[in-house]
Amino acid sequence: MYSYTDRLAKRASGDGWYIPWTEAMGYYDAVNFAKRIPTTCRTNITRAGLGDYCCPPMGLAKLYNNIPGDNKSIKWVQGS
């Protein structure tokens, strides 16, 4: 297991990078605005990575669940 400083030292082209949470992120997160998408709008999330640290799967699932209506789709990709 590696520490937070080790994680910050990794390059973006390495095995990934991590964005630490700040209070400001709560205001600009797309999850908060998904409920404003009209039900007539076709929403297609073409690739949702199950190993993504920039857009974690939990956040994408919340985004998808907050989109109103049934005119939506999401494709989950393992190891992405």
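Notes on the structure follow. (Residues numbered from 1 in each chain as written. Predicted model: local features only at pLDDT ≥ 70, side-chain atom pairs only at ≥ 80, totals over all residues. Heavy atoms only, no water.)

### Examining the overall build of the protein chain
Worth spelling out the cut-off: In this text, helices come from DSSP runs of H or I with a minimum length of four residues, and strands from runs of E with a minimum of two, each type numbered from the N-terminal end. Surface accessibility in these figures is a Shrake-Rupley result with a 1.4 Å probe; residues are shielded only by whichever protein chains are displayed.
Along the protein chain, the regular secondary structure elements total 3 helices and 2 strands. Within the structure as shown, the protein chain displays about 6,300 Å² of accessible surface, and the carbon and sulfur contribution to it stands at 57%.

### Thoughts on the environment of Ile67
Inclusion rule: Working definition: with a 1.4 Å probe on protein chains only, accessible area under 20% of the residue-type maximum means buried, over 50% means exposed, and in between means partly exposed. What makes two residues a contact is simply this: any of their non-hydrogen atoms within 4.5 Å.
Within the secondary structure, Ile67 sits in the loop between α3 (57-66) and β2 (72-77). Its relative accessible area of 4% is what places Ile67 among the buried residues. Separated by 26 residues in the primary sequence, Ile67 and Cys41 place their C-alpha atoms 9.8 Å from one another. Those residues within four positions of Ile67 in sequence are excluded, and the remaining contacts are Ala34, Ile37, Thr43 and Lys72.

### Regarding the nonpolar core
Rule in force here: We call a set of buried residues a nonpolar core when its members are Ala, Val, Leu, Ile, Met, Phe, Trp, Tyr or Cys and they connect through side-chain atoms within 4.5 Å of each other.
Membership of the largest hydrophobic core is limited to 7 residues, which are Val31, Ala34, Ile45, Ala48, Leu60, Leu63 and Ile67. Secondary-structure elements contributing two or more residues to this core are β1 (43-49) and α3. Apart from the residues lying within four places of it in its own chain, the contact partners of Ile45 are Leu63, Tyr64, Ser73, Ile74 and Lys75.

### Regarding the packing of aromatic side chains
Centre-to-centre distance and the angle between the planes together describe a pair of aromatic rings. Threshold: Think of it this way: a Phe, Tyr or Trp ring, Trp meaning its six-membered ring, pairs with another when their centres are within 6.5 Å, and the plane angle makes it stacked under 30 degrees, edge-to-face over 60, tilted otherwise. Cation placement over rings: the criterion is NZ of Lys or CZ of Arg within 6 Å of the ring centroid and within 35° of the ring normal.
Tallied over the full model, the rule gives 0 aromatic pairs. A cation sits over an aromatic face here: Lys72 above Tyr64, 4.6 Å from the ring centre.

This is a description of form; function is not addressed.
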